[in-house]
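Here's the letter readout for the chains.
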Amino acid sequence: MIAEISMHRLVLIGVGLIGGSLALDLKRAARVEEVVGIDIDADNLTRALERRVIDCAYECINAESMADADMVLIATPVNTLPIICRQLAPFLTDRCIVTDVGSTKQLALQAFAAELPQHYERCVAAHPIAGSDRHGALAAQFGLFAAKKCIICAHEQQDKTALQAVEAMWQAVQAQIYHLDAARHDAIFAAVSHLPHMLAYAYVHQLAEAANADELLQFAGSGFRDFTRIAASHPQIWTDICLANRQVLAGLLEKQQQELAYLKQCLQDGDAQKLTAFFAKAQKIRESWQNEQIQATAGVPAGR
Ligand SMILES: NC(=O)c1ccc[n+]([C@@H]2O[C@H](COP(=O)([O-])OP(=O)(O)OC[C@H]3O[C@@H](n4cnc5c(N)ncnc54)[C@H](O)[C@@H]3O)[C@@H](O)[C@H]2O)c1
Ligand SMILES: O=C(O)C(=O)C[C@]1(C(=O)O)C=C[C@@H](O)C=C1
């Protein structure tokens, strides 16, 4: 059992879907007295204040916005981490913890090590496996992380109390903590998150490039909706993720082409047996994954 967390001031950099949702839950659970929001989008900050996601707003990192921070949570596109860490450096007190929520973790650890060497021990790389295709402060919601996994990629110089504080923060919003090495994390999420996003984007492009694209979209139903939901995700967020993980991802795209080539061959051969076997194997895997998800979330209060 991890100790409870109680913060006076949390500085949230990037007041969007993930950072905003975490702020809402921490405030509701009375684990933080004040959330300071920093974001480059002034309109987004206004919406965040209106929705009480944050208590005060700043458009830049400076002595005033960073004053008395117990923890800094970076929830911006992953490519912004190095510059944000560089900007933070002069304002971090010894006790302040720095953490992030980015979808790729080797880049986060590299940014912490390169830009915050004096503070590296108190930098904790984390990644909640929860989200949606929406973005910005208006998308922030209560209960987003309940019964969801949160991966922590601790490093070799990790300060134990900083690690425990970040674990306690995610436990306070009902996330389940898992630990992974950063390279392993990036390889896993290339396969189960980044690749499906690229495939959904590619498929939407294939439709859009057809001569009768409007007609195709007019008749698209729930199969189209379910397969392409994630193609509505924020372009900058996903450009950064895919580029940060490009090596593993390129290999997986190559493998996907082999799967498609196999399917094409089955069609050309009119091989119903092979096709059915292929679909049946996928169906079984998908069904058992779904059953495990249902069991894992059993008992989570409704409306979360
Ligand atoms: N969307 C998901 O499903 C999901 C899930 C888990 C983790 N993540 C990770 O969480 C992070 C945030 O994603 P999100 O979905 O909340 O995005 P979002 O677009 O909802 O929020 C990001 C916010 O960061 C702000 N921002 C961008 N650059 C900035 C900068 N240099 N300084 C300050 N603010 C800046 C944007 O204006 C925006 O308000 C990303 O690193 C992403 O990889 C996303
Ligand atoms: O639900 C979605 O829309 C998501 O894309 C969530 C999702 C995922 O791929 O599972 C996206 C990125 C993350 O880093 C974690 C979760």
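Residues numbered from 1 in each chain as written. Chains lettered and ligands numbered in written order. Predicted model: local features only at pLDDT ≥ 70, side-chain atom pairs only at ≥ 80, totals over all residues. Heavy atoms only, no water.

An unreviewed UniProt entry annotates the protein chain as prephenate dehydrogenase of Snodgrassella alvi. The UniProt entry for the protein chain carries the following comment under Sequence similarities (unreviewed entry): "Belongs to the prephenate/arogenate dehydrogenase family." The heading Pathway (unreviewed entry) in the UniProt record of the protein chain holds the text "Amino-acid biosynthesis; L-tyrosine biosynthesis; (4-hydroxyphenyl)pyruvate from prephenate (NAD(+) route): step 1/1." (UniProt positions renumbered as here; feature names shortened; annotations may be inferred.)

Draft legend 1. Here's a closer look at the site of ligand 1. Ligand 1 sits among 28 residues. The nearest are Leu17, Asp39, Thr76, Ser103 and Gly136. The contact in question runs from an oxygen atom of ligand 1 to an N or O atom on the side chain of Asp39, over 2.6 Å. One of the backbone nitrogen or oxygen atoms of Ser132 is found 3.2 Å away from an oxygen atom of ligand 1. Coverage of ligand 1 by the protein chains reaches 88% of its 820 Å² of free accessible surface. Going through the elements one at a time, helix H1 (17–28), strand S6 (123–128) and helix H10 (235–244) are the ones with two or more residues in the shell around ligand 1. Tallied by class, the residues present in the shell around ligand 1 amount to 14 nonpolar, 12 polar and two charged. (Near = heavy atom within 4 Å. Polar contact = N/O pair within 3.5 Å; in protein donor to acceptor, adjacent residues only side chain to side chain. Areas by Shrake-Rupley, 256 points an atom, 1.4 Å probe, with all protein chains shown as cover. Helix = DSSP H or I, 4+ residues; strand = E, 2+ residues; numbered from the N terminus. Nonpolar A, V, L, I, M, F, W, Y, C, P; charged D, E, K, R; others polar.)

Draft legend 2. Fine view of the domain arrangement of the protein chain. The domain boundaries assigned to the protein chain delineate domain 1 (7–180) and domain 2 (185–297). Across the interface of domain 1 and domain 2, roughly 1500 Å² is buried in total on both sides, 65% from carbon and sulfur atoms. When residues of domain 1 are sorted by the area they lose upon contact with domain 2, Pro77, Thr104 and Asp133 head the list and together hold 33% of the total. On the surface where domain 1 and domain 2 come into contact, there are one salt bridge. When the shortest N-O distance is used, the salt bridge between Arg229 and Asp133 registers 2.6 Å. Taken together, the links from domain 1 to domain 2 amount to five residue pairs in polar contact (both at pLDDT 80 or more). Of the residues contributing to the side of domain 1 that touches domain 2, the split by class is eight nonpolar, nine polar and two charged. (Domains from an automatic or database assignment. Buried area = accessible area lost by both parts, 1.4 Å probe. Salt bridge = Lys/Arg side-chain N within 4 Å of Asp/Glu carboxyl O.)

Draft legend 3. Structural context of helix H7 (residues 182–208). Spanning 27 residues, H7 covers 36 Å between terminal C-alpha atoms, matching the ideal 39 Å at 1.5 Å per step. Within H7, the axis deviates most sharply at Ala190, by approximately 50°. Listed in full, the buried residues belonging to H7 are Ala182, His185, Asp186, Phe189, Ala190, Ser193, His194, Leu195, His197, Ala200 and Leu207. At the N-terminal boundary of H7, the capping side chain belongs to Asp181, with an oxygen 3.2 Å from the backbone nitrogen of Ala183. (Expected span 1.5 Å × (residues − 1). Bend = angle between axes of the 7 residues up to and from the residue. Buried < 20%, exposed > 50% of the residue type's maximum accessible area, 1.4 Å probe, protein only.)

Draft legend 4. Quick look at the sheet that holds strand S7 (residues 149–152). Here we have eight strands laid out as an open sheet, ordered S3-S2-S1-S4-S5-S6-S7-S8, and mixed in their pairing. Edge strands, defined here as strands with exactly one partner in the open sheet, are strand S3 (56–58) and strand S8 (176–179). Recorded for the sheet is a direction-independent mean angle of 25° between the axes of neighbouring strands. The sheet contact formed by strand S2 (residues 32–38) and S3 spans three bridges and is parallel. Bridge assignment links Gly37 to a residue of S3, and that residue is Ala57. Against the sheet, H1 engages strand S1 (7–13), S2, strand S4 (71–74) and S6, with an angle of about 165° to S1. In this fold helix H6 (residues 160–172) packs onto S1, S4, strand S5 (97–100), S6, S7 and S8, with an angle of close to 25° to the strand it touches most, S6. (Pairing = 2+ DSSP bridges. Axes fitted to C-alpha atoms, helices over the stretch in contact; angles between N-to-C directions. Contact = heavy atoms within 4.5 Å.)

Draft legend 5. Highlighting the site of ligand 2. Taken together, Ser103, His127, Pro128, Ala130, Gly131, Ser132, Asp133, Ser193, His197, Arg229, Ile230 and Trp238 make up the full set of residues near ligand 2. Taking Ser103, its side chain carries an N or O atom lying 2.7 Å from an oxygen atom of ligand 2. Between ligand 2 and the protein, one listed contact pairs an oxygen atom with a side-chain N or O atom of His127 at 2.5 Å. Relative to its free-state accessible area of 370 Å², ligand 2 is covered by the protein chains to the extent of 80%. Counting residues per element, the ones that place at least two in the shell around ligand 2 are S6 and H7. Two domains each donate at least three residues to the shell around ligand 2, and these are domain 1 (7–180) and domain 2 (185–297).

Draft legend 6. Just unusual backbone geometry, in detail. Even without a glycine there, the phi angle at Ala30 is positive, about 55°. In this fold, Ala30 is placed in the loop between H1 and S2. The residue Asp68 is not glycine, and still its phi comes out positive at about 60°. With respect to the helices and strands, the residue Asp68 is situated in the loop between helix H3 (63–66) and S4. Residue Asp68 is classed as partly exposed on the basis of its relative accessible area, which comes to 49%.

Draft legend 7. Examining the packing of aromatic side chains more closely. By the definition in use, this model includes five aromatic pairs. Here Tyr203 and Phe224 contribute two aromatic rings whose centre-to-centre distance is 6.1 Å and whose plane-to-plane angle is 55°, an arrangement assigned as tilted. Here Tyr203 is found in helix H7, whereas its partner Phe224 is found in helix H9 (residues 222–228), with 21 residues between them in sequence. The exposure class assigned to Phe224 is partly exposed, which follows from its relative accessible area of 21%. Every member of this aromatic cluster is reached through a ring pair, and the members are Tyr203, Phe224 and Phe227. (Phe/Tyr/Trp six-rings, centres within 6.5 Å; stacked < 30°, edge-to-face > 60°.)

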